[in-house]
Amino acid sequence: TPLYSSAASDVYKRQIQGVAPGASIIDLRVLNCAGSGYMSSTDEALQWILDHRAEYPIKVVNLSLGAPDVQKDGLDTTSILVNRLVAQGIFVAIAAGNSGDGAGTISSPGTAEFATTVAAATVNKYGKFLSQFSSIGPTSDGRPGIDITAPGGGIRAALTTAKVFGSNYETTMSGTSMATPYVAGIAAL
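Structure report, in brief. (Residues numbered from 1 in each chain as written. Predicted model: local features only at pLDDT ≥ 70, side-chain atom pairs only at ≥ 80, totals over all residues. Heavy atoms only, no water.)

Helices and strands together make up the secondary structure of the protein, namely three helices and nine strands. Evaluated residue by residue, the protein yields a buried proportion of 38% over its 189 residues. A separation of at least 24 residues holds for 65% of the contacts in the protein among residues at least 6 apart in sequence. (Helix = DSSP H or I, 4+ residues; strand = E, 2+ residues; numbered from the N terminus. Buried < 20%, exposed > 50% of the residue type's maximum accessible area, 1.4 Å probe, protein only. Contact = heavy atoms within 4.5 Å.)

The subject of this paragraph is the pattern of salt bridges. The final tally for this structure, using the stated rule, is two salt bridges. Arginine 29 is the salt-bridge partner of aspartate 27, the closest N and O atoms lying 2.8 Å from each other. Looking at aspartate 27, the relative accessible area reads 21%, which means it is partly exposed. Of the charged contacts in the structure, one is a salt bridge between arginine 143 and aspartate 141, with a shortest N-O distance of 3.2 Å. Of the residues examined, aspartate 141 reaches a relative accessible area of 43% and is grouped as partly exposed. (Salt bridge = Lys/Arg side-chain N within 4 Å of Asp/Glu carboxyl O.)

So, about helix α2 (residues 77–87). Structurally, the α-helix is built with 3.6 residues per turn, so residues lying three or four positions apart point the same way. What α2 keeps buried is the set Thr78, Ser79, Leu81, Val82, Asn83 and Leu85. Looking at the buried residues of α2, the elements they touch are α1 (39–51), β3 (60–63) and β4 (91–95). Glycine 89, located one to two residues past α2, shows a positive phi value of around 90°.

The end-to-end C-alpha separation of helix α3 (residues 176–188) is 18 Å, in line with the 18 Å expected for 13 residues at 1.5 Å each. Of the positions making up α3, those classed as buried are Thr176, Met178, Ala179, Thr180, Val183, Ala184 and Gly185. Contact partners of the buried residues in α3: β3, β4, β5 (116–124), β7 (148–151), β8 (155–158) and β9 (170–173). (Expected span 1.5 Å × (residues − 1).)

In structure tokens:
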């Protein structure tokens, strides 16, 4: 069952402004509170989007997740479903992964041929540079893999639930999973 909300809304009055304020969100959660889950759950969510695209005007999908230990040629089931979404005119932003900047560290479904795969940049007083944790291509079938780089180091963001029994509804984190919603937000605009 999807959850509905508004993007970048500061319901907890913490002064967090996102990239696409007011964009409507359909939240299809596939990971648990610890951030782990199964790619089969992701496949079910992507299939749900395909099955309900006439009912819901979904134009952008954000996948801040990845499976580094599966095939990296874009032929896994999740990558195939991502390609089907893009063929239906839906923009899909996917995190490249956080396995480091060694060649071929990109994770699935960022290996999907038609996905927009996002690497992370760190922006600080020393400049702008590819984050050391950010995965890069190529895919195992020789495609570059990364389509765009976005800010992903030290990103302040809202949480949907209070962190550790407190009332802190915000966090600061780094990763390609933080860069990817930035790109998805720009696409939503």
